[in-house]
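# Descriptive structure summary
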Amino acid sequence: MTDKIVRVIFPGSFDPITNGHLDVVHRGMRLFDEMIIAVGRSPVKNQLFTPEERVQMIAELIADMPGVSVESFDGLTVKYAARKKAQVILRGLRSLTDVQYEFQLAMTNRAVAGIETVFVMTSEQYGFTSSTLIRQVASLGGDVSRLIPKSVYSRLQQKLGKLTD
Ligand code: ADP
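Everything in this summary refers to the structure shown in the same document. (Residues numbered from 1 in each chain as written. Predicted model: local features only at pLDDT ≥ 70, side-chain atom pairs only at ≥ 80, totals over all residues. Heavy atoms only, no water.)

### Focus on the site of the ligand
What surrounds the ligand is a group of 16 residues, the closest being Ser 13, Phe 14, Gly 92, Tyr 126 and Thr 129. Contact distances for the ligand include 3.1 Å between an oxygen atom and a side-chain N or O atom of His 21. A distance of 3.0 Å is found between a nitrogen atom of the ligand and a backbone nitrogen or oxygen belonging to Tyr 126. Here the ligand loses 86% of its free accessible area of 550 Å² to cover by the protein chains. Contributing elements (two or more residues each) for the shell around the ligand: strand 1 (7-12), helix 1 (19-29), strand 4 (88-93) and helix 4 (96-113). Considering only residue class, the shell around the ligand consists of five nonpolar, seven polar and four charged. (Near = heavy atom within 4 Å. Polar contact = N/O pair within 3.5 Å; in protein donor to acceptor, adjacent residues only side chain to side chain. Areas by Shrake-Rupley, 256 points an atom, 1.4 Å probe, with all protein chains shown as cover. Helix = DSSP H or I, 4+ residues; strand = E, 2+ residues; numbered from the N terminus. Nonpolar A, V, L, I, M, F, W, Y, C, P; charged D, E, K, R; others polar.)

### Observations regarding helix 1
An α-helical turn contains 3.6 residues, so any two residues separated by three or four positions project in the same direction. Most of helix 1 is tucked away: eight of the eleven residues are buried. Along helix 1, the residues that are buried comprise Asn 19, Gly 20, His 21, Leu 22, Asp 23, Val 24, Val 25 and Gly 28. Taking the backbone nitrogen of Gly 20 as reference, a side-chain oxygen 3.1 Å away marks Thr 18 as the first, capping residue of helix 1. (Buried < 20%, exposed > 50% of the residue type's maximum accessible area, 1.4 Å probe, protein only.)

### Thoughts on the pairing of strand 4
Of all the six residues making up strand 4, five are buried; the element is thus mostly covered by neighbouring parts of the structure. Bridging between strand 1 and strand 4 involves two bridges; their strand directions are parallel. Within the sheet, the bridge partner assigned to Ile 9 lies in strand 4 and is Ile 89. When strand 4 meets strand 5 (residues 116-121), the two strands line up parallel, connected through six bridges. Within strand 5, the residue paired with Ile 89 across the bridge is Thr 117. On the question of chirality, the crossover connecting strand 4 to the parallel strand 5 by way of helix 4 is right-handed. (Pairing = 2+ DSSP bridges. Right-handed = clockwise from strand over helix to strand, strands pointing away.)

Put into structure tokens, the structure is as follows:
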């Protein structure tokens, strides 16, 4: 047995963080010693929250989770992982549809940087939860309160209220 610390990064858009993402964080922390939740700054289509807002919401949620931190990053995920001395990339899987894209991404990251990706499968109850759908459904007035943490739900309502003013 080695007592080497294993640090993992969990990269994503997190626009916004959902209960599904948090489930991945909890499961990941059963496997790894340290985790950095890495919020990508690269502009995504239909972005709702700024990277700063996304980091802030996550920071509040992980405040009492030892070993877990959050920050935003620019550029290539594998370069960021190297800068942070993370040995592993963590990603979540919801369904078989995720697998094809994630497989390609993991193979590419391993080919260009030799870094391994570890996948955890979400609880069945979050298998259909996606940030994109949450943004869409919430903007049309649907109730997404069971899919995201309470604090995120109120930020979402504030944000959408502001956007429709
Ligand atoms: P990206 O734009 O990089 O896919 P996301 O924030 O959408 O960023 O997702 C980050 C990671 O979390 C991805 O591996 C994605 O498959 C995973 N993920 C997203 N939603 C869920 C969920 N409900 N359950 C498990 N994993 C999820």
